[in-house]
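# Notes for the structure review
Spelled out from the first residue to the last, the chains are:
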Amino acid sequence: MSGCDVPPELARSPGLPKSPEGDPVFPEPWAAEAFAMAVHLNERGLFTWGEWAEALSAEVHKPGRAEDGSDYFDRWVAALSGLLVEKGVADAGTILALQQSWQRAAEATPHGKPIELANDPLR
């Protein structure tokens, strides 16, 4: 087996969702969107990859993390939110209010329909 055939350590993480071919995949569409946001904000110069790696590492190593890694993208969102606050793009209260609004919208959206903030009954 060549070095290219050996899956990286992340790909061998227990609980990581995988495609039928065994490749890691996003567990939910929102995780792919969070990933894309981080890439886009890096490309726009909001933060460097070094800053991103430091923020994500700090979140991933916080106590209370799921042993199976199932909260990896929750940690990803927390790291991204922290950088947005640190860089002055948003404040923590605004981010929390939006998270709560999305949650209410998700709960109020009929199964199979797209989740939209307009579905939040408190909006």
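It should be noted that the structure appears before, not after, this text.
Scope of this entry: the structure provided in the associated data block. (Residues numbered from 1 in each chain as written. Predicted model: local features only at pLDDT ≥ 70, side-chain atom pairs only at ≥ 80, totals over all residues. Heavy atoms only, no water.)

### Observations concerning the packing of aromatic side chains
The criterion, for reference: Centres within 6.5 Å are what make two rings of Phe, Tyr or Trp a pair, Trp counting through its six-membered ring; a difference in plane orientation under 30 degrees is then read as stacked, over 60 as edge-to-face, and the rest as tilted. Strands here are runs of E lasting at least two residues and helices are runs of H or I lasting at least four, both read from the DSSP assignment and numbered beginning at the N terminus. Partly exposed describes any residue whose relative accessible area lies between the buried limit of under 20% and the exposed limit of over 50%, with all areas from a 1.4 Å probe on protein chains only and scaled to the type maximum.
Considering all chains together, one arrives at eight aromatic pairs under this definition. Measuring from ring centre to ring centre gives 5.3 Å for F35 and W76, while their planes differ by 25°; the resulting arrangement is stacked. With F35 in helix α1 (residues 29–43) and W76 in helix α3 (residues 72–86), the pair connects residues that are 41 residues apart, well separated along the chain. In this structure F35 comes out as partly exposed when scored by relative accessible area, which is 35%. What makes W76 buried here is its relative accessible area of 6%.

### Observations regarding the side chain of N42
With respect to the secondary-structure elements, N42 resides in helix α1. In this structure N42 comes out as buried when scored by relative accessible area, which is 15%.

### Considerations on a nonpolar patch on the surface
Inclusion rule: Each patch groups residues whose relative accessible area exceeds 30% and which form no salt bridge, using 9 Å between like charges and 5 Å between nonpolar side chains of Val, Leu, Ile, Met, Phe, Trp and Tyr. What sets the accessible areas is the Shrake-Rupley method with a 1.4 Å probe; for residues, cover comes only from the shown protein chains. Salt bridge, as applied in this entry: a Lys or Arg side-chain nitrogen positioned within 4 Å of an Asp or Glu carboxyl oxygen.
A cluster of nonpolar side chains, contributed by L98, W102 and I115, occupies part of the molecular surface with about 270 Å² of accessible area. Tracing the backbone through its elements, the reader meets L98 in helix α4 (residues 92–108).

### Things to note about the pattern of salt bridges
For the coordinates displayed, the defined rule picks out five salt bridges. With a shortest N-O distance of 2.8 Å, K87 and E51 are connected by a salt bridge. Taken together, the residues span a long stretch of sequence, with K87 in the loop between α3 and α4 and E51 in helix α2 (residues 49–60) at a distance of 36 residues. A residue is classified by how much of its surface remains accessible, and K87, at 32% relative accessible area, is partly exposed. Residue classification places E51 among the partly exposed positions, given a relative accessible area of 26%. Salt-bridge contacts for K62 lead to E59; the nearest nitrogen and oxygen are separated by 3.0 Å. Residue K62 is classed as partly exposed on the basis of its relative accessible area, which comes to 43%.

### Some details on the packing of α1 against α3
Defined as follows: Interaxial angle, 0 to 180 degrees, is taken between N-to-C directions of lines fitted to C-alpha atoms, where a helix line uses only the stretch in contact. Handedness of a crossing follows from how the near helix is turned relative to the far one, being left-handed for an anticlockwise turn of less than a right angle and right-handed for a clockwise one. In this analysis, two residues are considered to be in contact whenever any of their non-hydrogen atoms come within 4.5 Å of each other. Under this grouping Gly is polar, as are all residues other than the nonpolar Ala, Val, Leu, Ile, Met, Phe, Trp, Tyr, Cys and Pro and the charged Asp, Glu, Lys and Arg.
For the pair α1 and α3, interaxial distance at closest approach is 10 Å and the crossing angle is 35°. Considering how the two elements wind past one another, α1 and α3 form a crossing that is left-handed. When α1 is examined against α3, the residues W30, A31, A34, F35, M37, A38 and L41 are found in contact with a partner set consisting of F73, D74, W76, V77, L80 and L84. In the contact of α1 with α3, the residues fall into 12 nonpolar, no polar and one charged.

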